[in-house]
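# Descriptive structure summary
Take a look at the letters that make up each chain.
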Amino acid sequence: MSRVIVITSGKGGVGKTTSTANIGMALASRGHQVAVVDADFGLRNLDLLLGLENRIVYTAVDVLAGECSLEKALVRDKRQPKLVLLPAAQNRTKEAVNPDQMRLLVAELAKTYQYVLIDSPAGIEMGFRNAIAGAKEAIIVTTPEIAAVRDADRVIGLLEAHSIKRIQLVVNRIRPAMVQANDMMSVQDVQEILAIPIVGVIPDDEKVIVSTNRGEPLVLGGTSSQAATAYNNIARRLEGEKVPLINLDAPSDGFFSRVRRFFGGKPR
């Protein structure tokens, strides 16, 4: 049975598209047929993160307009044959598609692909309503910042109102040293506020920026970084494996840092 999962957030720039590309690639690498859908009409980026931007001929809008078949619009990944991308149109607005049309597209993909991952645009307007239309599950991506967490809380309420009950959380860009210094919310803080199960914690990792610029999802490099391992672990958890979260404790600080903290100063 196919699983249709929307990957969403309230605030933009928290790592939804990066998460969609990496989770999709990790699931395909585990042998599943995976379709990733860019639902951000007018501002698509998923093709760039997958390095497939030059292979796009048709888009989801062309399929809905009857100008090509769904199969023709799908772009097969050049490294992982079990992964396909349904691109959004770059030159059309979010109003070019409606939720009923998205529901039909997703239902058609679900006949063939074991996982359909939908990359939602930020915000709660028409693009969001399109993205969630055909979804049965959701992954909320947030960073440990109060504005992102507050917006994520709002989105969780909207998902529940649309009868999407299975909602899981990814906390992105955690910096353990800042958490230890009480300068950043911890994973536990975020989970207590949002009160949904955690499916993954992604450390802040410069390799994410490098992979994004190259159009090569991190997981293609195996487990060469903590972030890649974290994304692979999310794919394993989606399949029901019991995988502990990566230990992101910061390295033990020095004696003088501990002394400074004891007397009320922050470690440098």
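Residues numbered from 1 in each chain as written. Predicted model: local features only at pLDDT ≥ 70, side-chain atom pairs only at ≥ 80, totals over all residues. Heavy atoms only, no water.

### A look at the overall build of the protein chain
- If you tally the helices and strands in the protein chain, you get 12 helices and eight strands.
- Computed over its C-alpha atoms, the radius of gyration of the protein chain comes to 19 Å, within 12% of the 18 Å expected for a compact globule of 268 residues.
- Principal-axis analysis of the C-alpha atoms places the extent of the protein chain at approximately 70 × 40 × 35 Å.
- The buried share of the protein chain, reckoned over its 268 residues, is 52%.
- Surface exposure of the protein chain reaches about 12,900 Å², of which carbon and sulfur atoms provide 50%.
- Of the charged side chains in the protein chain, 33 are positive and 29 negative; the average position of the first set lies 3 Å away from that of the second. (Helix = DSSP H or I, 4+ residues; strand = E, 2+ residues; numbered from the N terminus. Rg over C-alpha atoms; globule rule 2.2 N^0.38 Å. Buried < 20%, exposed > 50% of the residue type's maximum accessible area, 1.4 Å probe, protein only. Areas by Shrake-Rupley, 256 points an atom, 1.4 Å probe, with all protein chains shown as cover. Lys, Arg positive; Asp, Glu negative; His and termini not counted. Charge placed at Lys NZ, Arg CZ, Asp CG, Glu CD.)

### Looking at helix α7 (residues 146-161)
- With 16 residues, α7 should cover 22 Å at 1.5 Å per step; its first-to-last C-alpha distance of 23 Å lies within 8% of that length.
- Ala148, Val149, Ala152, Val155, Ile156, Leu158 and Leu159 are the residues of α7 that are buried.
- On the buried face of α7, the contacting elements are β1 (3-8), α6 (126-132), β6 (137-142), β7 (166-174) and α9 (187-194).
- Immediately beyond the C-terminal end of α7, within one or two residues, lies Ser163, with a positive phi of roughly 65°. (Expected span 1.5 Å × (residues − 1). Contact = heavy atoms within 4.5 Å.)

### Observations regarding the pattern of salt bridges
- Applying the stated criterion to the full structure yields 11 salt bridges.
- For Glu108, the salt bridge goes to Lys111, with nearest N and O atoms at 3.2 Å.
- Relative accessible area serves as the criterion here: at 63%, Lys111 is assigned to the exposed category.
- For Glu137, the salt bridge identified is with Arg166, shortest N-O distance 3.8 Å. With Glu137 in strand β6 and Arg166 in strand β7, this pair connects stretches of sequence that are 29 residues apart.
- The class of Arg166 is partly exposed, set by a relative accessible area of 44%.
- Through salt bridges with shared partners, a single ionic network connects Arg30, Arg236, Glu239 and Glu241. (Salt bridge = Lys/Arg side-chain N within 4 Å of Asp/Glu carboxyl O.)

### Quick look at the sheet that holds β6
- Across the sheet, eight strands lie side by side as β3-β4-β2-β5-β1-β6-β7-β8; this open sheet has mixed pairing. At either end of the open sheet lies a strand with only one pairing partner, and these are β3 (75-76) and β8 (198-203).
- Of the strand pairs in this sheet, β7 and β8 are connected by four bridges, and their pairing is parallel. Considered in β8, the bridge of Ile174 is made with Pro203. (Pairing = 2+ DSSP bridges.)

### Examining the pairing of β7
- Within β7, seven of the nine residues are buried, which leaves the element mostly enclosed by the surrounding structure.
- Pairing of β6 with β7, which is carried by six bridges, proceeds in the parallel orientation. Following the sheet pairing, Ala138 is matched in β7 by Ile167.
- The parallel pair β6 and β7 is bridged by α7, and the resulting crossover is right-handed. (Right-handed = clockwise from strand over helix to strand, strands pointing away.)

### Structural notes on the packing of α7 against α9
- Between α7 and α9, the least distance of the axes is 10 Å, while the angle of their chain directions is 35°. Viewed along their axes, α7 and α9 form a crossing whose handedness is right-handed. Within the contact between the two elements, α7 uses Val149, Ala152, Asp153 and Ile156 and α9 uses Val190, Ile193 and Leu194.
- Of the residues in the contact of α7 with α9, the class split is six nonpolar, no polar and one charged. (Axes fitted to C-alpha atoms, helices over the stretch in contact; angles between N-to-C directions. Left-handed = near helix turned anticlockwise from the far one by under 90°. Nonpolar A, V, L, I, M, F, W, Y, C, P; charged D, E, K, R; others polar.)

### A look at the packing of helix α1 (residues 16-29) against helix α11 (residues 226-238)
- Close contact between α1 and α11 brings their axes to 8 Å; oriented N to C, the two are set at 65°. As α1 packs across α11, the resulting crossing turns out to be right-handed. Here Thr18, Ser19, Asn22, Ile23, Ala26 and Leu27 of α1 come into contact with α11, specifically with Tyr231, Asn232, Ile234, Ala235 and Leu238.
- Of the residues belonging to the contact of α1 with α11, the class tally is seven nonpolar, four polar and no charged.

Purely spatial values, then, with no claim about function.
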